[in-house]
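What follows is the residue order along each chain.
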Amino acid sequence: MAKVVDKIVDVMTPVGESVFCKINGIVDDYMGQNKYTITMTLGEKEAKALQKQLVKIWEQSETFKSRNEDEKETDRPKIPITKSKEYGYQLKASTKTEFIDKNGNTKQNVVSLVDGHKKPLDAKTQIWKGSKVALWIGAKPYETPTMYGVSLKLKGIQVIELVNGGSGGAFGGSASDDVQSFGTSSMAEAFDTMEDPDAIPF
């Protein structure tokens, strides 16, 4: 069967606590990956609810259907939520620092930031460990020769309570499941034209 490509599904995470965040000019270059990345902790209830939602996205995907038809394993998708005794439940999402638009031009990617009332924040706002955040993520089912599951692209961050190098501050409000509050992602047009279809997206 021909390789299928699933569409991105927009998801808002529950509120969690930022552990590691490098975005918008501050590059996560671990092992040469050149990405923007955030890792956050979630409570057990919130983590399990999000995991259930991501598994549902997997089970409704064309990739899942294709693997089923080919009689391949489908019941152990890789979901980027981990659990450890030391850190509890953690979620990691990332995105490339650059993308190529439909005209072949290389452009800088920007992770959208809003406060608890959905008002835009400066893209250069530094989000330190301990900040209360919710993530706007693009969930995309995938398969490679060695694994399958759902990958998460970081599209936006809603900051409920900010911790940074200055005084920080609480923005109030609450997390939203309205992904439109972040506006239009500059990478949306590039999602379905990935140069390496065998790689895990994002």
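These figures come from a predicted structure and were not determined experimentally.

Looking at helix α2 (residues 62-69)
- Turning to α2, its buried residues are Thr63, Phe64, Ser66 and Arg67. Buried residues of α2, seen end-on, are gathered within an arc of 165° and therefore sit on one face of the element.
- Buried residues along α2 sit in contact with α1 (44-59), β9 (132-143) and β10 (148-162).
- Looking one or two residues past α2, Glu71 carries a phi angle of roughly 60°, positive in sign.

Points about the pattern of salt bridges
- Summed over the entire model, instances satisfying the criterion amount to seven salt bridges.
- Two residues, Glu17 and Lys132, come together in a salt bridge whose shortest N-O distance is 3.0 Å. Placement of Glu17 in strand β2 (residues 16-22) and of Lys132 in strand β9 is noted, with a sequence separation of 115 residues between them.
- On the basis of relative accessibility, which here comes to 31%, the residue Lys132 falls in the partly exposed class.
- Glu143 serves as the salt-bridge partner of Arg67, at 2.6 Å between the closest nitrogen and oxygen. Taken as a pair, Arg67 in helix α2 and Glu143 in strand β9 lie far apart in primary sequence, 76 residues in all.
- Residue classification places Glu143 among the buried residues on the basis of a relative accessible area of 16%.

The rules we used
Residues numbered from 1 in each chain as written. Predicted model: local features only at pLDDT ≥ 70, side-chain atom pairs only at ≥ 80, totals over all residues. Heavy atoms only, no water. Buried < 20%, exposed > 50% of the residue type's maximum accessible area, 1.4 Å probe, protein only. Helix = DSSP H or I, 4+ residues; strand = E, 2+ residues; numbered from the N terminus. Arc of directions from axis to C-beta. Contact = heavy atoms within 4.5 Å. Salt bridge = Lys/Arg side-chain N within 4 Å of Asp/Glu carboxyl O.

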